Each structure stands twice: as structure tokens, then as C-alpha cells.
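Coordinates in review
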Protein chains: 2
Amino acid sequence: MGGSFAAALRRRNLATSITGYDVDPAVGARGVRMGLLDAAAPDCEQAARQADLVVLAAPVGAMPGLLSEIAGALGPTAIATDLGSTKVDVVSAARRALGPAFARFVPAHPIAGGEQPGLERADPNLFEGCTVVIAPTSETRADVAARVEQLWRSCGAHVVRMDADEHDRMLASVSHLPHVLAFALVAHIAGQPDAQRKLALAGPGFRDSTRIAASSPAMWRDIALANRDAIGQELRALIAVLQRVDQALSAGDPRILQELFELASRARRQMDGRGDGA
Amino acid sequence: MGGSFAAALRRRNLATSITGYDVDPAVGARGVRMGLLDAAAPDCEQAARQADLVVLAAPVGAMPGLLSEIAGALGPTAIATDLGSTKVDVVSAARRALGPAFARFVPAHPIAGGEQPGLERADPNLFEGCTVVIAPTSETRADVAARVEQLWRSCGAHVVRMDADEHDRMLASVSHLPHVLAFALVAHIAGQPDAQRKLALAGPGFRDSTRIAASSPAMWRDIALANRDAIGQELRALIAVLQRVDQALSAGDPRILQELFELASRARRQMDGRGDGA
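A brief look at the structure comes next. (Residues numbered from 1 in each chain as written. Chains lettered and ligands numbered in written order. Predicted model: local features only at pLDDT ≥ 70, side-chain atom pairs only at ≥ 80, totals over all residues. Heavy atoms only, no water.)

Examining the packing of aromatic side chains
The relation between two aromatic rings is expressed through the spacing of the ring centres and the mutual angle of the planes. Residue and element names in this part refer to chain A. We apply this condition: Each pair of aromatic rings taken from Phe, Tyr and Trp, with Trp reduced to its six-membered ring, is defined by centres within 6.5 Å and is described as stacked if the planes are under 30 degrees apart, edge-to-face if over 60, and tilted in the remaining cases. Secondary structure elements are taken from DSSP: a helix is a run of H or I of four residues or more, a strand is a run of E of two residues or more, and numbering for both begins at the N terminus. Each residue gets one of three labels from its accessible area relative to the maximum for its type: buried under 20%, exposed over 50%, partly exposed in between, using a 1.4 Å probe on protein chains only.
Applying the stated criterion across every chain yields a total of 8 aromatic pairs over all chains. Relative to F127, the ring of F5 lies with its centre 6.0 Å away and its plane at 85°, an arrangement referred to as edge-to-face. Here F127 lies in the loop between β6 (108–111) and β7 (131–134) and F5 lies in helix α1 (residues 2–11), a separation of 122 residues in the sequence. Using a relative accessible area of 4% as the deciding quantity, one classes F5 as buried. A relative accessible area of 0% places F127 in the buried class. Centroid distance F5 to W152: 4.3 Å. Interplanar angle 20°. Geometry classified as stacked. Of this pair, F5 sits in helix α1 while W152 sits in helix α6 (residues 142–154), placing them 147 residues apart in sequence. Residue W152 is classed as buried on the basis of its relative accessible area, which comes to 1%. Put simply, the rings of F5, F127 and W152 touch in pairs and so form one group of aromatic residues.

Here's the deal with the packing of helix α7 (residues 164–190) of chain A against helix α12 (residues 254–271) of chain B
As a reminder of what qualifies: To get an axis, fit a line to the C-alpha atoms, keeping to the stretch in contact for a helix; angles then go from 0 to 180 degrees between the N-to-C directions. Working rule for angles: under 35 degrees goes down as roughly parallel, over 145 as roughly antiparallel, 65 to 115 as roughly perpendicular, anything else as oblique. Residue contacts are defined here by distance: any two heavy atoms, one from each residue, within 4.5 Å place the two residues in contact. Here the term charged refers only to Asp, Glu, Lys and Arg, the term nonpolar to Ala, Val, Leu, Ile, Met, Phe, Trp, Tyr, Cys and Pro, and the term polar to all other amino acids, Gly among them.
Axis separation between α7 of chain A and α12 of chain B bottoms out at 8 Å; the angle between their running directions is 75°. Viewed along their axes, α7 of chain A and α12 of chain B adopt a mutual orientation that is roughly perpendicular. Listed contacts from α12 of chain B to V180, F183, A184, V186, A187 and A190 of chain A of α7 of chain A are L260, F261, L263, A264, S265, A267 and R268 of chain B. For the contact of α7 of chain A with α12 of chain B, the residue count by class is 11 nonpolar, 1 polar and 1 charged.

Digging into helix α11 (residues 228–251) of chain A
Threshold: Expected helix span is given by 1.5 Å per residue-to-residue step, counting one fewer step than there are residues.
Under the 1.5 Å per step criterion, the end-to-end length of α11 of chain A is 34 Å for 24 residues, consistent within 8% with the ideal 34 Å. G252 of chain A lies just past α11 of chain A and shows a positive phi near 65°.

Details of helix α12 (residues 254–271) of chain A
We apply this condition: Counting of polar contacts relies on pairs of N or O atoms within 3.5 Å, with two restrictions inside protein: one atom must be capable of donating a hydrogen and the other of accepting it, and residues adjacent in sequence are counted only when both atoms are side-chain atoms.
For α12 of chain A, built from 18 residues, the straight-helix expectation of 26 Å at 1.5 Å per residue is met to within 8% by its first-to-last C-alpha distance of 26 Å. Of all the residues in α12 of chain A, the buried ones are L257, Q258, L260, F261, A264, S265, A267, R268, R269 and M271 of chain A. Looking at the buried side of α12 of chain A, the elements it contacts are α11 of chain A together with α7 (164–190), α8 (195–200), α9 (204–210) and α10 (217–226) of chain B. Two to three positions downstream of the cap, the backbone nitrogen of R255 of chain A sits 2.8 Å from a side-chain oxygen, assigning the N-cap of α12 of chain A to D253 of chain A.

Some points on the pairing of strand β8 (residues 158–161) of chain A
As a general feature of sheets, a regular strand has side chains that alternate between the two faces. All names here are of chain A. Rules: Here a strand pair is declared whenever DSSP counts at least two bridges between the two strands. Crossovers are marked right-handed if the path from the first strand over the helix to the second runs clockwise, as seen with the strands pointing away from the viewer.
With 4 bridges connecting them, β7 and β8 associate as parallel partners. Considered in β8, the bridge of T131 is made with H158. Crossover connection from β7 via α6 to parallel β8: handedness right-handed.

Some thoughts on the relation of the copies chain B and chain A
So the rule is basically this: What sets the superposition is a least-squares fit of C-alpha atoms, and only residues with pLDDT of at least 70 in both copies go into it.
For the pair chain B and chain A, the superposition axis carries a translation of 0.0 Å, the fit reaches an RMSD of 0.0 Å, and the rotation angle comes to 180°. The superposition operator between the copies reduces to a two-fold rotation axis. Rotation axis and chain B: the residue whose C-alpha lies nearest the axis is S209 of chain B, separated from it by 1.8 Å. The share of interface residues of chain B whose copies in chain A are also at the interface is 99%, consistent with both copies meeting through the same surface.

Focus on the interface of chain B and chain A
Stated precisely, the cut-off is as follows: Put simply, buried area is the surface a 1.4 Å probe can reach on two separate parts but cannot reach once they are joined, added for both. Whenever Lys or Arg places a side-chain nitrogen within 4 Å of a carboxyl oxygen from Asp or Glu, that contact is recorded as a salt bridge.
Counting from both sides, the interface comprises 89 residues of chain B and, opposite them, 89 residues of chain A. Both sides together, the interface formed by chain B and chain A hides about 8000 Å², and carbon and sulfur atoms give 69% of it. Applying the counting criterion to the chain B and chain A interface returns 12 salt bridges. In this structure, R236 of chain A and D246 of chain B form a salt bridge, with 2.8 Å as the shortest nitrogen-oxygen distance. Here chain B is connected to chain A by 32 residue pairs in polar contact (both at pLDDT 80 or more). Elements with a contribution of two residues or more to the side of chain B that touches chain A: β7 (131–134), α7, α8, α9, α10, α11 (228–251) and α12 of chain B. Examining the composition of the side of chain B that touches chain A, we find that 18 residues originate from one element, α7 of chain B, more than from any other. Residue composition of the side of chain B that touches chain A, by class: 52 nonpolar, 18 polar and 19 charged.

In C-alpha cells form, the structure reads like this:
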């Protein structure tokens, strides 16, 4: 997603120069060759030095380390932001690491696709029409938050502000829980002796519903742990629903199934702007 | 799916005349206006009379009734088949209803998309490259099974033969369980007081993973009940996986999460022909 953000800034002439850093030096070099980056820095600190804007695009588990590394390099007017999928942990790591510069850190989360990482898939239009949550704290400077918000709007995104707490609770429902479920479903099937034969029979419904299970395991392990209280709560509530389904199946009770499926189908069709018909 | 099959047969000149019947007479009339059907019959029996091939495209819960209605109308050489998502129940209903004509009934299941029903979405190429399971019994005439198999191949499908039992056990894993899960997930969220705000934050991952929750509640209620033993078994095994995830979250244990997510991600990427990279 860092690559797509660089591409989006470049396409819209929103940055005069972009310096990248990746733990794998080959990635930075490739970014330069592809024209996504003007330069690749040998470490995080040097990438941040002299930057007007520092964007942390890394698994949330890596954020505390990255924030410590950039802390000393941030210029007196530099703005920092992130693209992490959880916000409470990132906010608290940033507060610890950045000291007074925490006022110039804008926690952000672009809710865009991207289970397939890699610069080759960097898409300058990834954020067109996507929702970006920004979660400034009471300590965040208003003008700094406004600049980051404007940057996202310039990339075509719809910006929503909320507290980090609220973000994590909401995303636990509509992002983290679905990912955990998709991973669990595919792992459950893949662990069976006849997994290959079964998966060969999987249709487009299975493919769609488990696409997110191809996401990065390390990234999602970090997200799951970073937001484990909220995700655990969602997960236990969902298990209770599944147990009700199991009981309805055992009892051969059509009513409970019908009600549950109707509630879901209606809500899901509404998301696509379809009505109650069919 | 009946509309798509009619369209596929028509496009490939595999039927000289197609007569349709739907519980809603308006649907049959629309099929004629659209040119998908040559005629709409006023009831199921009349649709089946004089047909060389009778195709039952209905929720599996409606199959016993439909099979009884066509039983008396089937000509001495007519072939019957279905497009139902479960096979054990359809086979047993057909055996009961059809008498000696059961030898000319070929249980079939095209594993194609189609959570959005309606003749308007009938797609003559829906079955290109899709897998169709046919589940002839020991009583099914070999020449009849071969003809139905050939028909599906002519529509571009890849045909797999297996027992009805095995079909239902396999599909419980890779189709019925994912549908139940998607319904449960969306119902769980839709039932919360802040559902609308949460769903407004849902990204493409959520949309993909819950697309099948927009499927027909009645159709899936029928499927769930028709295959409830196998689905219940799958569901309880999945609940056990989710409980392990919940414990790992409570304990803050990265190892279990990492292993589970890696198993899933590897298996899912393999389905798309992607390797372990990324």
C-alpha cells in the first residue's frame, strides 16, 4: 500500500521528491527503477531526514520500531502519518516514541484492498472512492491533521474522522473479524486429508469469500494481536451465532435459519444498493 | 440458473424448442418475450409433457413436489435432471417419485456463481470453465448419464462424477459452510445498534467475503436443512478452530495465529496459481 500511495502522490504531482525505505533493499531499488521513487534510503532514519512528510507503511507490529527510528530524524516542521490497520496501538507507540513531535503525527488508515502486496501492483488510483479514517488525538495539531486530510482527499479518498478506540472497535467488526474468519475457514479445509479434492470443487462463491485469506499472515497476526480485545469480543459473539445455527440444523428448524439468512441477505443487498426484491 | 442453462443451450443450438415453467407466471412470460423460451407452460406437468429433457432448476426444498408433478408427464424416453446444490435428498426424492423412470434421472450440480437470481442476469456463458458434478446412482442408465454429461461439456463445463453422498460431504466444506458463515457474519453485524456506521466503513475485503450473503435466504435455508448432518459437522469443526483463535488472542500468543494464517494463506494462494512468495 506504500507503493500505491507513492504512485497516487506522484500521479497527482503532490510530492516534489519521494524517498523510500524497505527492510529489503531490493524493494527500494526496484521502486527507483520503476520510477515510483526518486531515491531509496539505506535506512529508515535517513529516509525520514529532511522529509516534509513521513509515511509509515508497514505491518502494525513493526510500527514501534519504525517510530523510534524516525523520532530523531524528524525535522521541526515535518509531519508523520501511517497507513496501519489498527490505531490504538499505533497512537500509543507514536506518543511514546515521538515526544513533542507527536503533535505532528496523524494516525490514518486507508480502507482499501491489497491482499496482494508488491510494488508491481502499486495502483495510483487505489484510493479513488475509498474511505480513509484519520484518528487525530487531542494532542494532534489541527493544521497538521487538516493537511493530511487534504492529501487523502486529493488522492480521491473519502475521509472520516474518529477516535482510535472507535476505529479499532468498528474495524474489528467489518475487517479484522472477516479476515480471521476467512483464514480459519481455509485453514480448516486445508487441514483435512481430502483438502485438494474439496478445493478443486470450490466455485466462485468460495473464491470471493476467501480471497482475503491470501493476505499476509505476518501482517494479520500483528493486527489480530494489536486489536485482540475487540476482535476477541466480536469472535465470541459470532461463535454464539454459529452455535445457534448448529442447534437449528440439529433440530431441523427452518425458522431460525430463515430469519438469520434474511437479516443477512437484506443487509448485504442494501450495501450494493439493491432492494429487498429477489 | 435455469435461465442461464436455457440461454447456454439456445446459444449453442442444443435444443430445438425450450418450454419453461415458473411458479410466478410473469417469469415464464418474460422468458418468452426475451427469447429465452419458446413457450411458457401453465404448470409443471405440462412443461414436462413431450419434453426430451426435463431440467429442474429450483430450490432443493421444492424438488420433491416438482418431481411428483412431472412423474406422470415424463415420456417413455424422456431424460430428467436437476441443478440442485444438494444431491442425497434430490436422489431420494427422485427415487420415490419417479418409479422406473428414476433410471433416466441424472442428478447434477453446476458449481457456478449466481447469488443474484433473475432471467435478466441469465448468462449463456455462465458454465464455461465451471465444474459440474453429476451423481448417477447404480440404477441410472449409463447412456442417459453420458448424454447429460455431454450436454454440460457442450456448454463448456468440466464434468466430475461422484456419489451423491460424497458430493454433499465435499460441498458442505467448500460451499455450504462458507455460505452459512457469510450469512452469520453479516447477520451478526447487521444486528448491532451501530451496524450502519460499521458497514459504511467496510472495504473491498468485506464486500468480497460477504458477497454470497446476498444469496436467496429460502434457497439456502433449504440447502442447509437438506445437508444438515454434513454441514453441522463442518460447522462444529470450524467453531473449534475459532475457539482456538480466541484462546490465542486472549493469551496474546502469536505462534498459533501465525501458523493458522500461514496454512490458510498458502492454500488460498495456491488456488489462484500463486506460489508462496508475496
